[in-house]
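What follows is each chain in one-letter form.
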Amino acid sequence: FANISDWRRDNVNQMVADVMDTIMQVNPHVRFGISPFGIYTQYVPEGIAASLDAYNTLYIDPIQWLSSGSIDYLNPQLYWHIGSSWDYSLLLPWWAEQALTYNRHLIAGHAIYKLVLDPSARIAEYDLHEYKDYFNFTESEARLQERTWLSLSEISNQIDIVRENRDQNAMGSAFFRYQDFIVVDGLAEHIVTHNYNNPATLPPMTWKSAIIPDPPNNIRWDVDGQGASFITWDVANDNDRYVLYASSEPSPPAGFIDDPANIVKILYDNTFYLEGSEITGKPNLFFTTYDRYGNESATATMFAIDAPSTASTLQTPINLAVNQAFNFDFSWTSVDQAQSYLLEVSSTSDFQSIEFSTSVAAITFNASEFALLGEQEYYWRITPLNAAGSGPGSDVFSFTSGFPANAVITAPADGEQYVDLSPLVQWGTNTVATSVKLQIAKGGSQFLEYNIIIDKDLGAVGEYQLTETLTEWTTHYMRIKLINSLGESHWTYSDFKTLMIVPAAPIIYAPDQDQNFEPSDPVEIKWGKTSKATGYQIDLSTDIDRTNVIESDKKYSYSDTTIVYNNLLEGEYYANVAGTNIGGTGAWSQVKFIIEHVVGINDKELDNKRLSVSYLNKSELILGIDATGLKIYNLKMYDLYGHELVLPESTKQGAIENYVLNRNILPPFSIVILESTEGVEYVKIIGR
């Protein structure tokens, strides 16, 4: 060798040739290809910028592999986008031309690793989910500009360019890498929708074998051990595969088997079950042989399907069967040419309400797959099917399940709140159940091992008194199953929320019982903290039974244990305090105190009650005048600065005249004066 570069390339060439030689000796139909760097040499093809290249920098010669026949395909790493300095639309045709020249295949490489997780977002390259520094051997500003991200539409456009060069032996695509189909949102769905709508065969390697196989022979129906019909044919070569096409026409147009849109399935043995709807409406099947070298028979063998012509005979359960277990087998006789059987189960004999149905590629089906209800009468029938249509339906049989019906939980009711911590669980008795399974979970409704807190196996009972104590103010999930020797009911689920134990009555420290206060004195109520309280309710009433509450206040802190009342009217009062939490209001504590009477100028109330003031409700006072014996009188009210206050309209009740005063707008103290023809009769000071 004149230089070391040629020696290096020759070493690689020998290794590649040795690999191909070994493959040809062991398994010649195996396709052998290599994925070289995407630029062969500098400035090739024309229009490509300077770059690292395969020939001069990496010392590999992909063109020699093609010309020597050492590979079946090339898969160049064309990891640049269309329109870049290393334009995909220039590189792909050049590589395809080399493959065509040497009668080999080109499989284009696509850089889906350059997709962001959400390809619709345009972000900086360093935010890509996978950055591959080893693809960047030189770092110039121009090269950095070219290391851009790709979009889903870019990938589709590249695939289109490959297909435009099919006549140049560009036969397909490879994607670097598989994992990106999982992690990149929408990638797989996008290329299936826009590019890969149909199955396809691999291109033939005619340089390895150009023998065209014969199409399948002796296509016929057969029946497997499960009673299901399938299509089979004679096998000429164990390595052969088969391509199935389907058409609504018995004589499709020319080129029918050359269009992958007509491919139903590629088969790897000589059996075909007509599953699902893949050939519905296309009862004319065409089979070709497809060998491991990619050669497909030039003609196809046609096989027409007719709809089944006979009905199945129902076998088990026998008609009017009772006490059926949950897992018995439905069974029926097979019908020639049936691809599958439609099993329908209804709760009505006219099948207006079909509870369960399934397509079965056998002549038995286990009832446990349907989750039948217990103690229920059902009707069933069978209809044979294939791609050409349905056959006649069977007779209708009925049976009754013998395992228990589902429990109906009555207590605690589903969604019930404030349930006792050891509730009585009730679901009612069942005449066929011999035992009951009861489970209660908390912390989630999944009933997993870690969150089931009660798991009871009970006898044939309809209720159970919990001896365990549940957690306060917690949602619990309950389920019940009824059991006998024929099976089990479905679980019946419910949930409920336990109560929160309300606080004990607090201790009131002030004022003392029956303590007296002047009208102008503030009255401070003080009490101690009580367990389980998150706040307090304070009601001030004028009676011991709390029927006439004039003030109602709430405290929202466990530590806030004081309230002050000002400007109360004379009379007896009861301060009532109770702790509160999310479960409600606890027990009440009470203390009585008295606001003393204040004697005014010429006050005659001690022996003759002309004026009275009382609480009407929480926001209003009622001022009453006993006008007995007074023919002419005036009532005036002043604040303590001497400003006269406007009195509302009064109402009369016999000799009593009442004025309703709004406590919220009254001054803290007011003076009421009653005048008659003889002068000032009465004076009264009131607080609001």
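It should be emphasised that the depicted structure is a prediction, and the values quoted were computed from it without experimental measurement. (Residues numbered from 1 in each chain as written. Predicted model: local features only at pLDDT ≥ 70, side-chain atom pairs only at ≥ 80, totals over all residues. Heavy atoms only, no water.)

A short note on the side chain of Asp291
- Structurally, the position occupied by Asp291 is in the loop between β10 (284-290) and β11 (301-304).
- We note that Asp291 is buried and unpaired, the nearest opposite charge coming from Arg241 at a distance of 6.0 Å.
- Looking at Asp291, its side chain comes within polar contact range of the main-chain nitrogen of Tyr293, at 3.0 Å.
- Among residues more than four places away in sequence, those in contact with Asp291 are Ile211, Pro213, Asp240 and Arg241. (Helix = DSSP H or I, 4+ residues; strand = E, 2+ residues; numbered from the N terminus. Buried < 20%, exposed > 50% of the residue type's maximum accessible area, 1.4 Å probe, protein only. Lys, Arg positive; Asp, Glu negative; His and termini not counted. Salt bridge = Lys/Arg side-chain N within 4 Å of Asp/Glu carboxyl O. Polar contact = N/O pair within 3.5 Å; in protein donor to acceptor, adjacent residues only side chain to side chain. Contact = heavy atoms within 4.5 Å.)

Some words on the sheet that holds strand β37 (residues 611-615)
- The strand order across the open sheet built from four strands is β37-β38-β42-β41, with neighbouring strands paired in antiparallel fashion. Each edge of the open sheet carries a strand with a single partner, namely β37 and β41 (650-653). Neighbour-to-neighbour, the strand axes of the sheet open up by a mean angle of 25°, direction not taken into account.
- Relative to strand β42 (residues 656-662), β41 runs antiparallel, the two being bridged by four bridges. Along β42, the bridge assignment pairs Lys652 with Glu657. (Pairing = 2+ DSSP bridges. Axes fitted to C-alpha atoms, helices over the stretch in contact; angles between N-to-C directions.)

Points about the packing of aromatic side chains
- Counting across every chain of the model gives 34 aromatic pairs.
- Consider the rings of Tyr113 and Phe176, whose centres lie 5.8 Å apart with planes at 80°: the pair is edge-to-face. With Tyr113 in the loop between β3 (105-110) and α4 (141-146) and Phe176 in the loop between β4 (170-175) and α6 (180-183), the pair connects residues that are 63 residues apart, well separated along the chain.
- Residue Phe176 is classed as partly exposed on the basis of its relative accessible area of 26%.
- The interplanar angle of 85° and the centroid separation of 6.3 Å between the aromatic rings of Trp380 and Phe397 together place this pair among those described as edge-to-face. Of the two residues, Trp380 is situated in strand β18 (residues 377-386) and Phe397 in strand β20 (residues 397-401); the sequence distance between them amounts to 17 residues.
- Trp380 gets classed as buried once you look at its relative accessible area, which sits at 0%.
- Aromatic rings pair up to connect Phe328, Phe330, Phe356, Phe365, Phe370, Tyr378, Trp380, Phe397 and Phe399 into one cluster.
- Cation over ring: Arg9 sits above Tyr55, and NZ or CZ is 3.8 Å from the ring centre. (Phe/Tyr/Trp six-rings, centres within 6.5 Å; stacked < 30°, edge-to-face > 60°. Lys NZ or Arg CZ within 6 Å of the ring centre and 35° of its normal.)

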